[in-house]
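The lines below spell out each chain.
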Amino acid sequence: MNFVLRIFNYRFFVWEFMLLFFLYLLMENIFSWLIFPVSIVVLAYEKILSILVYAYVLYRFTSLKLSERIYVGLFSLILARLVFESLTKYDSIFQQFTMFTVLDPVIFVIFIKSMLRSQNFDILEFIAKFHLLTYIIFMVIYGKGFSFSLDSVDMIDYGPFSGDSRIVHARSIFVLIIPFLWYLHSYITTKKNKFLFPFILIAAVILLHQHRSVWSSTLVALFFYLMASVRNKKQTMPRLLTVAIGTSVVLVFTYFFVSSLIPTFLEFLTDRFSEILNPAKEGSTGNFRIEQREVYFKMFLERPIFGWTFEGFEMPNPLVDWWPEMSGQHFHEGYMEMLFYHGVVGLLLKYSF
């Protein structure tokens, strides 16, 4: 197991790469689908791994940083409360595993940070290239039905797919923000075109997949990157200004080129983007989020501390009737999901970290 693998200019011992592969990389949905293209298998693996990771974090508790130990302790207290509730009300050790998985990212992030520290991994470039290459391979295999129509696609197993002609679910486009920022930073720092072209490709991918939550997140991430770069003197204002001017020129030429060849396309994207500023637009996903927020926030106020927990899975959906019974409320917004199921306690635990 001391053989060395060379991947993306990184050298790994086989056991190191296997550690990354099974405990980190396989948690990316489109990558795991390339390995196990069956949702039952993927979800079972994620559930089993999440339990094992939690057990390992408890085992390594004393080696964690103080802030991490505090979060693990709070997570464990909430989990103990849920187990007690499940045993007393439902005669089962844990009535709905989803109550564990929506909070589990806290534990998983602590585990990944601990693993990277203990193995002295510095793999930002590796992760950036991994997400880009995984996306390209996935789209080569499954992307033939991609279009801008947003037509629904009926599938037997939706897995990591969006369920429409965008093909890829927003969560897998969201992680492309990592290579987006890494290639941008590398180009600004080195001015080498080998970083510019992947950056343009990723920016185009994020734009063309039309996940507006990803658009918003990318803009926010870009803003904080630029502010942090100047504040920490990683980049100078003149250099950033030069890049901004160059980008503006390219965008202007792109605008005239696209508007001449496909004038309706820009109108389409403008209409899609306008829903970010006008989320209440009739029939939009933003409007559905607002409806969910209005309905479920009133229910949250009835149990604001710990939320509705397992009872939230038993009640009928107050907005739609096409979801199976006992399958939960199918939220389109993570914050409202946490408030409803776990209350203020769960929301603060997950998002403050």
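Just so it is clear, the model here is predicted, and its values are computed rather than measured.

## Brief notes about the overall build of the protein
Item 1. Looking only at helices and strands, one finds 16 helices and 2 strands in the protein.
Item 2. Against the compact-globule benchmark of 20 Å for 353 residues, the protein has a radius of gyration of 22 Å, which places it among compact chains.
Item 3. Projecting the C-alpha coordinates of the protein onto the three principal axes gives extents of approximately 65 × 55 × 40 Å.
Item 4. Here the protein holds 353 residues, and 41% of them are scored as buried.
Item 5. Taking contacts inside the protein between residues at least 6 apart in sequence as the whole, the part at least 24 apart equals 64%.
Item 6. As presented, the protein carries roughly 20300 Å² of accessible surface, and 67% of it is formed by carbon and sulfur atoms.
Item 7. For the protein, the distance from the average site of its 29 positive side-chain charges to the average site of its 26 negative ones is 16 Å.

## Re the side chain of Ser186
Item 1. On the secondary structure map, Ser186 appears in helix H9 (residues 177-190).
Item 2. Assessed through its relative accessible area of 8%, Ser186 is described here as buried.
Item 3. Contacts of Ser186, omitting those with residues within four sequence positions, involve Lys191 and Phe195.

## A word on the pairing of strand E1 (residues 4-7)
Item 1. Looking at chain direction, E1 and strand E2 (residues 10-13) are connected through 4 bridges and run antiparallel. Bridging from a neighbouring strand, Val4 pairs with Phe13 of E2.
Item 2. Remark: 2 residues form the turn of the hairpin made by E1 and E2, two consecutive strands paired antiparallel; Phe8 in that turn has positive phi of roughly 50°.

## Quick word on the pattern of salt bridges
Item 1. Counted according to the given criterion, the structure contains 8 salt bridges.
Item 2. Taking the shortest distance from any N to any O, the salt bridge between Lys89 and Glu311 comes out at 3.3 Å. Here Glu311 lies in helix H15 (residues 311-314) and Lys89 lies in helix H4 (residues 66-90), a separation of 222 residues in the sequence.
Item 3. Each of Glu68, Lys113 and Arg117 takes part in one network of salt bridges that share partners.

## Details of a nonpolar patch on the surface
Item 1. A cluster of nonpolar side chains, contributed by Leu133, Ile136, Ile137, Val140, Ile141 and Leu201, occupies part of the molecular surface with about 500 Å² of accessible area.
Item 2. With 5 residues, the single largest contributor to the nonpolar patch is helix H7 (residues 124-142).
Item 3. Among the structural elements, Ile141 can be located in helix H7.

## Some points on the packing of helix H11 (residues 212-231) against helix H13 (residues 263-277)
Item 1. Contact geometry of H11 with H13 gives a least axis separation of 9 Å together with a crossing angle of 70°. Viewed along their axes, H11 and H13 adopt a mutual orientation that is roughly perpendicular. Residues Arg212, Trp215, Ser216 and Leu219 of H11 touch H13, and the partners they reach there are Leu269, Arg272, Phe273, Glu275 and Ile276.

Parameters and conventions
Residues numbered from 1 in each chain as written. Predicted model: local features only at pLDDT ≥ 70, side-chain atom pairs only at ≥ 80, totals over all residues. Heavy atoms only, no water. Helix = DSSP H or I, 4+ residues; strand = E, 2+ residues; numbered from the N terminus. Rg over C-alpha atoms; globule rule 2.2 N^0.38 Å. Buried < 20%, exposed > 50% of the residue type's maximum accessible area, 1.4 Å probe, protein only. Contact = heavy atoms within 4.5 Å. Areas by Shrake-Rupley, 256 points an atom, 1.4 Å probe, with all protein chains shown as cover. Lys, Arg positive; Asp, Glu negative; His and termini not counted. Charge placed at Lys NZ, Arg CZ, Asp CG, Glu CD. Pairing = 2+ DSSP bridges. Salt bridge = Lys/Arg side-chain N within 4 Å of Asp/Glu carboxyl O. Patch = residues over 30% accessible without salt bridge, like charges linked within 9 Å, V, L, I, M, F, W, Y side chains within 5 Å. Axes fitted to C-alpha atoms, helices over the stretch in contact; angles between N-to-C directions. Parallel < 35°, antiparallel > 145°, perpendicular 65-115°, else oblique.

Function cannot be read off these values alone, since they describe shape.
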